Amino acid sequence: MDTSLLNRICLEWHLGTLACPPWPLTGGFMHKMYSLFTDKGKYAVKLPNPYVMKRDTAQENYHVAEELEARLEERNLPILPALVFNGNKMQEIDGQFFYLYDWYDGKALKDGEINEAHCSRIGELLAVIHGIDRREAAPKEEKELRIDWDFYIHKLAACNEELHKLVLQNRELLYESQEKGNLARKKLPAVEAICHNDMDSKNVLWKGEDCRIIDLECLAYSNPFLELYELALCWSGYESCSIDYNLFMKLIQAYARAGGELPKDWEVVYDSNCGRLEWLEYSLKRALGMDCAPEEIAVGVSEARETIAHAVYYRNAKERILHYLNQQ
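Remember, predicted model here, so these are calculated numbers, not experimental data.

**Student:** Give a description of the sheet that holds strand β3 (residues 91–93) that names residues and reports values.
**Tutor:** Spatial ordering of the open sheet is given by β1-β2-β4-β3, a layout of four strands whose pairing is antiparallel. One side of each edge strand has no neighbouring strand; the edge strands of this open sheet are β1 (32–37) and β3. Neighbour-to-neighbour, the strand axes of this sheet turn through a mean angle of 35°, independent of strand direction. Where β3 meets strand β4 (residues 96–102), three bridges bridge the pair, whose relative direction is antiparallel. Bridging from a neighbouring strand, Q91 pairs with F98 of β4.

**Student:** For the sheet that holds strand β10 (residues 220–222), give the residues involved together with the corresponding values.
**Tutor:** Strand-to-strand pairing in sheets goes through backbone hydrogen bonds, with the strands running parallel or antiparallel. Taken in spatial order, the three strands line up as β6-β7-β10 in an open sheet, and their pairing is antiparallel. Single-partner strands in this sheet number two, and they are β6 (135–136) and β10. Bridging between strand β7 (residues 191–195) and β10 involves three bridges; their strand directions are antiparallel. Among the inter-strand pairings, C195 is bridged to a residue of β10, identified as A220. Packing of helix α8 (residues 224–235) onto the sheet brings it into contact with β7 and β10, and relative to β7 it is tilted by some 50°.

**Student:** Which residues make up the pairing of strand β2 (residues 42–47), and what values do they have?
**Tutor:** Of all six residues that make up β2, five are buried, and the element is covered over most of its length. Here β1 runs beside β2; their pairing, made up of six bridges, is antiparallel. Bridging across to β2, S35 finds its partner in A44. Of the pairings in the sheet, the one linking β2 to β4 comprises four bridges and is antiparallel in character. By the bridge assignment, Y43 is partnered in β4 with D102.

**Student:** Could you give an account of the pairing of β7, with specific residues and numbers?
**Tutor:** With five of five residues buried, β7 lies mostly within the body of the structure. Pairing analysis gives two bridges linking β6 to β7, with the strands arranged antiparallel. Within the sheet, the bridge partner assigned to E136 lies in β7 and is V191.

**Student:** Any chance you could break down the pattern of salt bridges for me, citing the residues and the numbers?
**Tutor:** On inspection of all chains with the given rule, the structure shows 27 salt bridges. Of the charged contacts in the structure, one is a salt bridge between K318 and D271, with a shortest N-O distance of 3.8 Å. Of this pair, K318 sits in helix α13 (residues 318–325) while D271 sits in helix α10 (residues 266–272); the two residues are 47 residues apart in sequence, bridging distant segments of the chain. By the burial criterion, K318 is buried, and D271 matches it.

Quick notes on the rules
- Residues numbered from 1 in each chain as written.
- Predicted model: local features only at pLDDT ≥ 70, side-chain atom pairs only at ≥ 80, totals over all residues.
- Heavy atoms only, no water.
- Pairing = 2+ DSSP bridges.
- Helix = DSSP H or I, 4+ residues; strand = E, 2+ residues; numbered from the N terminus.
- Axes fitted to C-alpha atoms, helices over the stretch in contact; angles between N-to-C directions.
- Contact = heavy atoms within 4.5 Å.
- Buried < 20%, exposed > 50% of the residue type's maximum accessible area, 1.4 Å probe, protein only.
- Salt bridge = Lys/Arg side-chain N within 4 Å of Asp/Glu carboxyl O.

Such coordinate-based values are descriptive only and should not be taken to indicate function.
Here it is as structure tokens:
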């Protein structure tokens, strides 16, 4: 942790003097976030991953997300928006970009702490967000996933025997999921809406029944059917490879009651849910030390291992998942 950087942020952005040492905030695996408790107030600071910020599309993606965040603010949705300084949300100091937030004294829920009320609330909020600007998607050539898993298998053979064996054992599953996903995404209804794109349980803070949605930097126009399905999975225990189908259906039913439209072909949505493959590739790159800091390698190994476990569990759960969804 660069305490000198955080001290400079407090000083130059007139936040006050630190009243206690900053501490890292947990939750995400890509960016760093710290508390900033000063003699003037309580804040949180997010430092986007510098390797992500070097991507050609990063600045534009953040700009779009900030505009959509403002639209959610206008509707008084329970979000935790970035603070504005000199007309901008994103700030920069010595090449390090960052966002500042007012402190919200809530906590993210883990599997086992999530109940029906939480899932119903998320379903309702998601329907409202999707209803802000739902529209027909503009015609575009769907970008296919073309991840060369053999490339990573070859690279891992020289530096991580355990991960090499794991990816090799599941090679057929990874290629099959990728191809089915490419076909299914072409069949998704041509509709888009404002989507959070990462509104799983780690990105919603709760204080009793009150909540705040955080990590809004992924806001973009995306397919609402896919986001609904992904959130129903994440909020019902998918992360622990143990879906509670009661919670799963509570979220979807609450979404529908709040005016959200449900898809007609759930199997297309099931097969389209292959975004985890992109996260797996990103994690494998980190595990190999590609485009990341040395301290990120261990995180990459851990995340790759967990993501493969999710892929195996997801394949085995297909029949049961579709059984519940088709009862709608």
